Amino acid sequence: MSTAVSSNSSAPGTQERPLRIAVIGSGPAGVYAADMLTKSAEVRDGLVVSIDLFDRYPAPYGLIRYGVAPDHPRIKGIVNALYKVLDRGDIRFFGNVNYGTDLNLEDLQKHYDAVIFATGAIKDADLNIPGIELDGSYGGADFVSWYDGHPDVPREWPLNAKEIAVIGNGNVALDVARILSKHADDLLVTEIPDNVYQGLLSSPVTDVHIFGRRGPAQVKFTPMELRELSHSRDVDIVLYEEDFDFDEASDAAVKSNNQVKTMVNTLTNWLAEQDDDAADPTTGASRRLHLHFLHNPVEIVGEDGKVSGIKFERTELDGTGNVRGTGEFLDYPVQAVYRSVGYFGSAVPDVEFDHLRGVVMNDAGRVLATDGSHVPGLYATGWIKRGPVGLIGHTKGDALETITHLLADRGDLPLAAEAAPETVVELLDARGVEFTTWEGWLELDAHEKALGAAATDSSAVQRERIKVVARDEMVGVSRGASLTR
Ligand code: NAP
């Protein structure tokens, strides 16, 4: 590793020798960190920074492109903000570059004075119950990757279940259940790839059941996302009176937390509305979305290696907002189970990883070595720093903390031996890495919009864009563009 420098005239941060920073991950976490660095007080006071943003995918935006449900255009609006940052031209984008294989830590330390890891979390957290390995048992995050056209997941998704269980009461469970229960034609206005449309079109689903292990006041949904469930055409929401239980902690949460209050009101209103016709709580829609609470999953039941049902232990609130088992077990016939019990971060090569929490070992964004000391020049932000919790906006506070520490440390950063910006391009070229650029993304973006426009003409449904899914096609379209910046 190169030697540390103290703040003196040779310290990086001048026009001749800018402070070189690599950000790994171009999702919201990485872009916010890069943007905040360029707008920091230090930069306003004359510090010159030069930032390269790397992503393993050929396209930018990370979670926004590969984690947000396609029928959430509101959140997609965040793309506009990220676009403005990257289109300014002062941050270079290198897509299709995989940290760990195309570039390793030693390479980054040779070319940059500091590295910020913003690799997020894309994998499902485990759910260790018998039967989880059965055919028909899926990770919700994997399904999200499929419907968002992630380049590295298979194009086919088995959608042959009539009855489906979704485990978890977080926003990902809502996304998964909503997409599973929506009619494919109602998603055509979004940017879904054609294979996803065709897959959903063939789905015979009639009933999707979402199961929470705690009560209605303990859901981890957010109010807007919950209300959105009722907007699906020809899908009835079904609730069960016996699931509506509230303990002291629930009452306190409803009183003190507006979000909880809104969600409990929404759920109890839905229940009250369906009570008007208790014999048949539905309006006769062809699909139903059931919300169950106080159900703890204990086993996925199989027949001939395939999911045929799911068993829950009924739970009861214990006064603190947590639950205990009642000893009563309930079985539901389902042919597919999706677990949406949270995301889990993947280890980042060459940095210490907390395998219990799924985060890079760090202290407020400073990456730590095994002995707990800060590894000079290494930082983390976003979900890989604090775990997969919180909405996208929360990542901003995170980024601010991380870059504040980076800038405070800047006199002691290990100096990059080859800091000239072109040297990293030469290295990637020499290794035959087919990296994509911001200009390349603009090409791909225009291409996807053109595909949408062409499909609009033939289907009469306004299609804003159609995502290109195959990695080589994404790279081909992008690299058709100029690679200069
Ligand atoms: P989450 O919000 O942490 O929810 C996980 C759910 O899984 C909880 O209901 C949890 O129950 C349940 N769970 C965990 N372990 C379980 C087990 N062993 N058995 C049964 N249930 C279990 O995670 P997420 O849904 O993956 O969302 C991650 C973050 O992304 C959240 O901050 C979310 O708001 C955000 N997000 C936002 C949107 C949006 O549209 N705004 C969309 C997707 C994701 P307990 O509460 O009992 O632990």
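Note that the structure is predicted; figures quoted are calculated from it, not measured. Think of each chain on its own: its residues are numbered from 1, step by step along the sequence as written. For a predicted model such as this one, the threshold for reporting local features is a pLDDT of at least 70, and the threshold for listing and counting side-chain atom pairs is 80 or more; totals across whole chains, interfaces and linings nevertheless cover every residue. Each side-chain value is worked out from all heavy atoms of the structure, with water and hydrogens disregarded.

J.: What's the story with the site of the ligand in this structure? I'm lost.
T.: Close to the ligand lie 24 residues; N169, N171, R213, R214 and G390 are nearest. The definition of a polar contact used here is a pair of N or O atoms within 3.5 Å, where within protein one atom must be able to donate a hydrogen and the other to accept one, and adjacent residues in sequence count solely through side-chain atom pairs. Measuring from an oxygen atom of the ligand, one finds a side-chain N or O atom of K220 at 3.2 Å. A distance of 2.8 Å separates an oxygen atom of the ligand from a polar atom in the backbone of G390. Computed with a 1.4 Å probe, the accessible areas rest on the Shrake-Rupley method; for each residue, only the protein chains presented here act as cover. Taking 920 Å² as the accessible area of the ligand by itself, protein coverage stands at 84%. Each residue is tested against the molecule or strand, and it is near if at least one of its non-hydrogen atoms lies within 4 Å.

J.: Would you take a moment to explain helix α6 (residues 140–147) for this structure?
T.: For an α-helix the count is 3.6 residues per turn, leaving residues at separations of three or four pointing the same way. Among the 8 residues that make up α6, 7 are buried, leaving the element largely enclosed by the rest of the structure. Within the sequence span of α6, burial applies to G140, A141, F143, V144, S145, W146 and Y147. Elements are defined by DSSP. Helices are runs of H or I of four residues or more, strands are runs of E of two residues or more, and each kind is numbered from the N terminus. Where α6 ends, the next residue or the one after it, G149, has phi of about 65°, a positive value. We call a residue buried when its accessible area falls under 20% of the maximum for its residue type, exposed when it is over 50%, and partly exposed in between, using a 1.4 Å probe and counting protein chains only.

J.: Got a minute to help me understand helix α1 (residues 28–38) in this structure?
T.: For α1, the buried fraction is high: 11 of the 11 residues fall into the buried class. Among all positions in α1, only P28, A29, G30, V31, Y32, A33, A34, D35, M36, L37 and T38 are buried.

J.: It is not clear to me how the packing of α1 against helix α13 (residues 395–408) should be interpreted in this structure. Could you clarify?
T.: Helix-helix packing: each pair is described by the crossing angle between the helix axes and the interaxial distance. Only the contacting stretch of a helix is used when fitting its axis, a line to C-alpha atoms as for every element, and angles between N-to-C directions run 0 to 180 degrees. As a packed pair, α1 and α13 sit with axes 9 Å apart at the nearest point and diverge in direction by 50°. By the angle between their directions, the pair α1 and α13 is classed as oblique. In this structure, α1 crosses over α13, and the sense of that crossing is right-handed. Residues P28, A29, Y32, A33, M36 and L37 of α1 lie in contact with α13, whose contacting residues are T395, K396, A399, L400, I403, L406 and L407. Each residue is assigned to one of three groups, with Ala, Val, Leu, Ile, Met, Phe, Trp, Tyr, Cys and Pro labelled nonpolar, Asp, Glu, Lys and Arg labelled charged, and all others, Gly among them, labelled polar. Here the residues of the contact of α1 with α13 sort into 11 nonpolar, 1 polar and 1 charged. Our angle categories are set so that under 35 degrees counts as roughly parallel, over 145 as roughly antiparallel, 65 to 115 as roughly perpendicular, and the remainder as oblique. Crossings are assigned a handedness: left-handed for a near helix turned anticlockwise from the far helix by less than a right angle, right-handed for a clockwise turn. Every residue pair with non-hydrogen atoms within 4.5 Å of one another is taken to be in contact.

J.: What's the story with the pairing of strand β7 (residues 163–167) in this structure? I'm lost.
T.: Counted residue by residue, β7 has 4 buried out of 5 residues, so it is predominantly covered. Pairing of β7 with strand β8 (residues 207–211), which is carried by 5 bridges, proceeds in the parallel orientation. Within β8, the residue paired with E163 across the bridge is D207. One ladder, built from 4 bridges, connects β7 with strand β14 (residues 336–339); its direction is parallel. Of the residues in β14, the one forming a bridge with V166 is Y338. Note: two strands are recorded as paired if DSSP finds a minimum of 2 bridges between them.

J.: Teacher, can you tell me more about the pattern of salt bridges here?
T.: Proximity of charged atoms lets side chains of opposite charge pair with each other. The working definition used for a salt bridge is a side-chain nitrogen of Lys or Arg within 4 Å of a carboxyl oxygen of Asp or Glu. Counted by the stated rule, this structure contains 29 salt bridges. In this structure, D71 engages K182 in a salt bridge whose closest nitrogen and oxygen atoms are separated by 2.8 Å. With D71 in the loop between α3 (63–66) and α4 (73–87) and K182 in the loop between α7 (171–181) and α8 (194–201), the pair connects residues that are 111 residues apart, well separated along the chain. Taking the relative accessible area as the measure of exposure, D71 reaches 8% and is therefore buried. Of the residues examined, K182 reaches a relative accessible area of 14% and is grouped as buried. A salt bridge links R233 to D186, with the nearest nitrogen and oxygen atoms 2.9 Å apart. Separated by 47 residues along the polypeptide, R233 in the loop between α9 (223–228) and β9 (235–239) and D186 in the loop between α7 and α8 bring together distant segments of the chain. When its relative accessible area of 47% is taken as the criterion, R233 is described as partly exposed. Linked through salt bridges whose partners overlap, the residues forming this network are R65, D148, E191, D445, E448, K449, R465 and K467.

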